[in-house]
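A structural walkthrough
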Amino acid sequence: MMLPLAGYRTGSDAVLLGLDGLISASVFFRRVHELASMLPDAPFVINLSESRAGFMMGFAAALVRRQTSLFPAGQGRGDWEQLTQRYPGAYIVSDRAVDASHTFDLRPWLAMDSMAVPLASLEPEGMQIPVVPADFRAAILFTSGSTGHPTAHAKSWGQLAVGAANLSTALGWSPSMACAIVGSVPPQHMFGLESTVLLPWHAGIPVHAHKPLLPADLEAALTQCACPCWWMTTPVHMRPPLQAATSLDGLAGIVASTMSLPPALAIAAETKWQVPVLEIYGSTETGALATRRTSTDEWWTPLPGVELTTRAEGERQQILAAGSHIDVAVLLSDELRLGPDGRFLWLGRSADMLKIAGKRASLSALNRWISEIPGVDDGVYFVPDAAGDAASHDDAHPTRRLVAFYVSATLSPEEVRAALRGRVDPVFVPRPLVRVSQLPRNENGKLAQAALAALFSQFQQTGQTVSNSCPSRPAVPLRQPLRVSMNHPAIAGHFPGNPIVPGVVILSHVTGAIAQQLPGIALVKLLSMRFHAPLRPGQAFNVFAEMRGNDLSAHVHVEVREEGGPLSSCRLIATGQWAAGAGFSADAGR
Amino acid sequence: MDRGLNSEQELAQLIVESLNLDGVSPGEIDPEARLFGEGLGLDSLDMLELSMSVEQKYSVKLRSDDPDNAKIFGSLRSLSQHIQTHRAT
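Reading the values: rules and limits
Residues numbered from 1 in each chain as written. Chains lettered and ligands numbered in written order. Predicted model: local features only at pLDDT ≥ 70, side-chain atom pairs only at ≥ 80, totals over all residues. Heavy atoms only, no water. Contact = heavy atoms within 4.5 Å. Buried area = accessible area lost by both parts, 1.4 Å probe. Salt bridge = Lys/Arg side-chain N within 4 Å of Asp/Glu carboxyl O. Helix = DSSP H or I, 4+ residues; strand = E, 2+ residues; numbered from the N terminus. Nonpolar A, V, L, I, M, F, W, Y, C, P; charged D, E, K, R; others polar. Buried < 20%, exposed > 50% of the residue type's maximum accessible area, 1.4 Å probe, protein only. Pairing = 2+ DSSP bridges. Phe/Tyr/Trp six-rings, centres within 6.5 Å; stacked < 30°, edge-to-face > 60°. Lys NZ or Arg CZ within 6 Å of the ring centre and 35° of its normal. Disulfide = S-S within 2.5 Å. Axes fitted to C-alpha atoms, helices over the stretch in contact; angles between N-to-C directions. pLDDT = per-residue confidence, 0-100. Core = buried A, V, L, I, M, F, W, Y, C linked by side-chain atoms within 4.5 Å. 1 Å grid on protein atoms, 1.4 Å probe; cavity = no way out; pocket = protein on both sides within 12 Å on 5 of 7 lines; lining within 4 Å. Points joined across faces, edges and corners; volume = space filled by probe spheres on them.

Some remarks on the interface of chain B and chain A
- Taken residue by residue, the interface counts 26 residues in chain B and 29 residues in chain A.
- Note on chain B versus chain A: buried area summed over both sides is about 2400 Å², and carbon and sulfur give 56% of it.
- The interface formed by chain B and chain A contains 3 salt bridges.
- A salt bridge links Arg-431 of chain A to Asp-46 of chain B; the nearest nitrogen and oxygen atoms lie 2.7 Å apart.
- Top contributing element to the side of chain B that touches chain A by residue count: helix α2 (residues 44-58) of chain B, with 10 residues.
- Grouping the constituent residues of the side of chain B that touches chain A by class yields 10 nonpolar, 8 polar and 8 charged.

Below you can see the structure in the form of structure tokens.
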């Protein structure tokens, strides 16, 4: 089945609005066909265009040529460079200079003066709207997966076109709607693609050619559009014009997504600008799934054709989303409460996924990135409580900038930040990035959110964290550090070329050390033993044994220092817990 | 010229404070170095926050899609000059 690319009714309908006037449908599609014939032969094209005009022109031309468009998660080099390797033959289209070998510069195609016509001279003329097979793989979107490698989400043209129709219905838009769209979100992300490219194409309405970011940009865009405008945005972008009391004349409505919209913000925006503020619930996997008017409604209404079903998975209930714009039913990572009328309440997002300004990242992947930087011994990200932040700073810090703590003997925060910048999207580069002598890991090596919150508040109050060394360095460490030599019989097979001291060898050293440090105590039973980081042969380590309270258990911390050097860090290698022999108190060994 | 240097320092202070730039002292910001991308490494979220602080303090509305945008946000010096030229007196 073939589906049209867009629903413009006459050739004089505007497709793009901007500084220099408008681009009509007849001109836009004529240029799209010309551009399509000039594109290089390739199965894939990476569209990095930042302007709506460049993105639309490149995407439409790729559809005409039946080339699959790849939309990376960010504009950083790390975001698109690996796509050129993963999709051999892929080339880049962009509306700015990109330093890569296979690029097609769209800028000559976007010179507005060669296309734009003054409003008065508009004559109805013919247009050639392309048609695309419904099953053609139109686009692949990328999100950062939990492994740190981008996950690909393929979309057929049918899915995208039907999704736009469903979204239009859900927003209550009539087919004869006379309005324009202004977008502050990047078109490469699912919400941006749906709301600022596919929705206007489907509805046959114009979109502003650029991406207004600041309040004054938005004001200018609304003036240039000169008709009622819907603003596709995020809660982050809504705050500045509200705070600056920007008037936003010409605004007809707001659609927000990518992170949850606080009801107070929605109410403030509706009061200030006297327009409806709608929120979209969805994901890259599913596209838009539901909408609500956040100021008045807690419950979400699913898009037409969307069906949510529950599935018991052990103790937990999982939610599957199916629908006419969803390929195979998708398991949601959110917890929802389904109401009898088909509407639902959002209870929470799986704690691992972070979304900031439309970018998303897995917290565990970020923690891995920072910990794996050569020279960093331990590291963790922390998400400051957004609600608490807003309350205490009265909107002074509307963006939920991430915080991170790290332990390193050698690296300054600037160096760690530079290393992170090469790997993660700029919005996930933490600030502040705080160097600490150790992280407040508990005896299991886990970092409790409460402990990180305490560390963060300590930092906020004093500008520093208390410098102490190992967390519970209580009893007497051995006078001489321990070492497992390279010649230990267990090392040969563990592992060739990558020698690591086996856990069982560490364990036997630990029990020996406890016997030496706390000679009166008998270890009756090993309750738990965890290994947090590799110990290399030859590395010096220390064991700290401690009796806690009267629970007769022992906790062990291991310190590492580089061969011959001073104690450089107290990386936690292993922790263990024992039931100890009765009849001893905490003072027994001291 | 003194006035220019003073206003650059004042803006540097505002940047460091409003963006929570730990480890950067206002005096360290090279007035000619790029603020966004490389250089100080600021991003679009910072641009949003900075624009709010600048508007609050100087009553100057900044534009990011202004044709001169790259120039205005190019460095501390250019941003400071833009603010001094446009600030309400």
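Overview of the pairing of strand β6 (residues 91-94) of chain A
Residue and element names in this part refer to chain A.
- Covered by surrounding structure in β6 are Tyr-91 and Val-93 together with Ile-92 and Ser-94, the residues of both alternating faces.
- In terms of strand pairing, strand β4 (residues 44-47) meets β6 through 3 bridges, oriented parallel. From the neighbouring strand, Ile-46 faces β6, where its bridge partner is Ile-92.
- As judged from the 3 bridges shared by β6 and strand β7 (residues 103-105), these two strands associate in the parallel manner. Counted as the bridge partner of Ser-94 is Asp-105 from β7.

Some points on the packing of aromatic side chains
- Within this structure, the stated rule accounts for 13 aromatic pairs over all chains.
- When the ring centre of Trp-369 of chain A is taken as reference, the NZ or CZ atom of Arg-368 of chain A above it lies at 5.9 Å.

Things to note about the state of the cysteines
Residues and elements named next belong to chain A.
- What the rule picks out here adds up to 0 disulfides over all chains.
- Lacking any disulfide linkage, Cys-225 is separated from the closest cysteine sulfur, that of Cys-229, by 3.8 Å.
- Under the relative-accessibility criterion, Cys-229 is labelled buried at 0%.

Here we look at the sheet that holds strand β26 (residues 403-407) of chain A
Residues and elements named next belong to chain A.
- Spatially, 3 strands are ordered β25-β26-β27 in an open sheet, and the strand pairing comes out mixed. Either end of the sheet is taken by a strand with one partner, and the two such strands are β25 (378-382) and β27 (433-435). With direction set aside, neighbouring strand axes in the sheet form an average angle of 15°.
- With 5 bridges joining them, β25 and β26 adopt antiparallel strand pairing. Following the sheet pairing, Val-380 is matched in β26 by Phe-405.
- Sheet strands in contact with helix α11 (residues 363-371) are β25, β26 and β27, and its direction is about 145° off that of β25.
- The sheet strands contacting helix α13 (residues 413-421) are β25, β26 and β27, and the helix crosses β27 at an angle near 130°.

Remarks on the confidence of the model for chain B
All names here are of chain B.
- Mean pLDDT over chain B stands at 81; residues scoring 70 or higher make up 83%.
- Across chain B, element-level confidence peaks in helix α4 (residues 76-86) with a mean pLDDT of 91 and bottoms out in helix α3 (residues 69-72) with 76.
- Here the predicted complex scores 0.67 on pTM and 0.75 on ipTM.

Some words on the nonpolar core
- Phe-28, Phe-59, Trp-157, Leu-193 and Trp-201 of chain A are the most contacted members of the largest nonpolar core, which has 79 residues in total.
- When residues of this core are assigned to their parent elements, the largest contribution, 9 residues, is made by helix α2 (residues 52-64) of chain A.
- Counting 51 residues, the second-largest nonpolar core is a separate cluster that includes Leu-363 and Leu-402 of chain A together with Leu-21 and Val-54 of chain B.

Describing empty space enclosed by the protein
All names here are of chain A.
- Within this structure, the stated rule accounts for 3 cavities of 30 Å³ or more.
- Volume-wise, the largest cavity comes out at about 80 Å³.
- Residue lining of the largest cavity: Lys-155, Gln-159, Leu-160, Gly-163, Ala-164, Met-190, Glu-194, Leu-198, Thr-286, Gly-287 and His-325, and that is the complete set.
- Of all elements in the fold, only α6 (157-170) and α7 (190-203) reach the threshold of two or more residues within the lining of the largest cavity.
- The greatest single-element share of the lining of the largest cavity, amounting to 4 residues, is contributed by α6.
- Among the residues making up the lining of the largest cavity, the classes are represented as 4 nonpolar, 5 polar and 2 charged.

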